[in-house]
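Structural features, examined
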Amino acid sequence: MTITITAFERSPDGGKGLARDTRVRWALEEVGQAYKVRLVSFRAMKEPAHLSLHPFGQIPTYEEGDLALFETGAIVFHIAQRHAGLLPDEANARARAITWLFAALNTVEPPILEFGNARLLEQDKPWYAERLPLVADRVRNRLDQLAARLGDAEWLDGPFSAGDLMMVSVLLSLRLSGILNGYPNLAAYVARAEARPAYQRAFAAQLAVNTGTPAAG
Ligand code: GTB
């Protein structure tokens with residue numbers, strides 16, 4: 001059955017791979033599923049046709065036959081459940097990998113989003129200079145904990161999983177801030193994930209959309 005996802009017609013990041021369709025593309029590449037992409041403008045995202053797929057008028061969405069999904073966590077989980085390659089077969093190991101997927105979205109990403117929003121939207125506020133260090137400390141607190149848990153391991157719990165895919169996707173949004181540089185094992189973890197052929201293909205595909213060049217391969 002054909003899988004169709006949605007992505008920005010033009011991502012505000014110009015193709016840095018930070019828009020969330022990249023996570024979904026990456027998951028599909030990891031499990032070897034072909035997919036189509038429907039590009040949507042900011043205006044089209046708020047129109048009824050797209051709102052029927054995504055109640056909050058956002059990308060990405062995922063369509064496969066009768067099934068329409070939104071929320072990258074749910075989409076990546078669905079892909080990982082349906083296809084081999086992103087979740088271990090053994091029940092407890094599978095539950096732990098799913099736990100990391102939730103931890104990425106519910107525990108690590110919120111302070112990172114808050115930090116990003118502060119830098120993007122609050123710079124003109126009189127309290128910005130006072131608030132930003134507090135928000136950055138909340139990010140560092142989570143990174144300290146994550147770095148301690150990862151230690152020298154290659155991935156968070158055994159083989160690469162949907163949990164790593166989501167955690168790395170979340171950490172990548174910190175790259176431009178430089179914060180990750182203070183965490184050599186997390187920076188190396190992100191680099192290992194980015195070197196995966198599936199990530200490379202996903203990144204190239206979104207870049208092609210945003211630069212108007214055809215994806216290689
Ligand atoms: N919780 C949802 C999920 O995980 O699927 C969040 C989806 C979401 O935030 N979608 C964003 C969107 O559609 C695009 S990815 N925004 C339009 C809107 O809300 O009107 C977030 C994003 C956008 C841009 C950059 N960037 O330019 O760097 C990075 C991340």
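Residues numbered from 1 in each chain as written. Predicted model: local features only at pLDDT ≥ 70, side-chain atom pairs only at ≥ 80, totals over all residues. Heavy atoms only, no water.

Describing the site of the ligand
If you check the shell around the ligand, you find 13 residues, and the closest are Arg20, Lys46, Ile59, Glu71 and Thr72. Between the ligand and Lys46 there is a distance of 2.5 Å, counted from an oxygen atom to a side-chain nitrogen or oxygen. At a separation of 2.8 Å, a nitrogen atom of the ligand approaches a polar side-chain atom of Glu71. Against a free-state accessible area of 670 Å², the protein chains account for coverage of 73% of the ligand. (Near = heavy atom within 4 Å. Polar contact = N/O pair within 3.5 Å; in protein donor to acceptor, adjacent residues only side chain to side chain. Areas by Shrake-Rupley, 256 points an atom, 1.4 Å probe, with all protein chains shown as cover.)

Here we look at the packing of aromatic side chains
This model, assessed by the stated rule, comprises seven aromatic pairs. Considering the side-chain rings of Trp26 and Tyr199, the 4.9 Å spacing of their centres and the 75° angle between planes classify their relative orientation as edge-to-face. Placement of Trp26 in helix H1 (residues 21–30) and of Tyr199 in helix H9 (residues 197–211) is noted, with a sequence separation of 173 residues between them. Classification of Tyr199 by relative accessible area gives buried; the value is 4%. Just above the ring of Trp155 sits the side chain of Arg192; from NZ or CZ to the centre is 5.7 Å. Stacked on the ring of Phe160, the Lys or Arg Arg196 has its end atom at 3.7 Å from the ring centre. (Phe/Tyr/Trp six-rings, centres within 6.5 Å; stacked < 30°, edge-to-face > 60°. Helix = DSSP H or I, 4+ residues; strand = E, 2+ residues; numbered from the N terminus. Buried < 20%, exposed > 50% of the residue type's maximum accessible area, 1.4 Å probe, protein only. Lys NZ or Arg CZ within 6 Å of the ring centre and 35° of its normal.)

Description of the domain arrangement of the protein chain
Assigned domains of the protein chain: these are domain 1 (3–85 + 198–211) and domain 2 (91–196). Each of domain 1 and domain 2 was reduced to a C-alpha centroid, and the two centroids are 21 Å apart. Counting residues at the interface gives 17 residues for domain 1, matched by 20 residues for domain 2. Summing the contributions of domain 1 and of domain 2, the shared interface buries around 1,500 Å²; its carbon and sulfur component is 64%. Looking at the side of domain 1 facing domain 2, the largest losses of area belong to Arg23, Trp26 and Tyr199, adding up to 36% of the total buried there. Summed over the shared surface of domain 1 and domain 2, the number is three salt bridges. When the shortest N-O distance is used, the salt bridge between Arg20 and Glu109 registers 3.1 Å. Summed over the shared surface of domain 1 and domain 2, the number is eight residue pairs in polar contact (both at pLDDT 80 or more). Only H1, helix H4 (72–82) and H9 provide two or more residues apiece to the side of domain 1 that touches domain 2. Per-element tally for the side of domain 1 that touches domain 2: the top contributor is H4, with six residues. (Domains from an automatic or database assignment. Contact = heavy atoms within 4.5 Å. Buried area = accessible area lost by both parts, 1.4 Å probe. Salt bridge = Lys/Arg side-chain N within 4 Å of Asp/Glu carboxyl O.)

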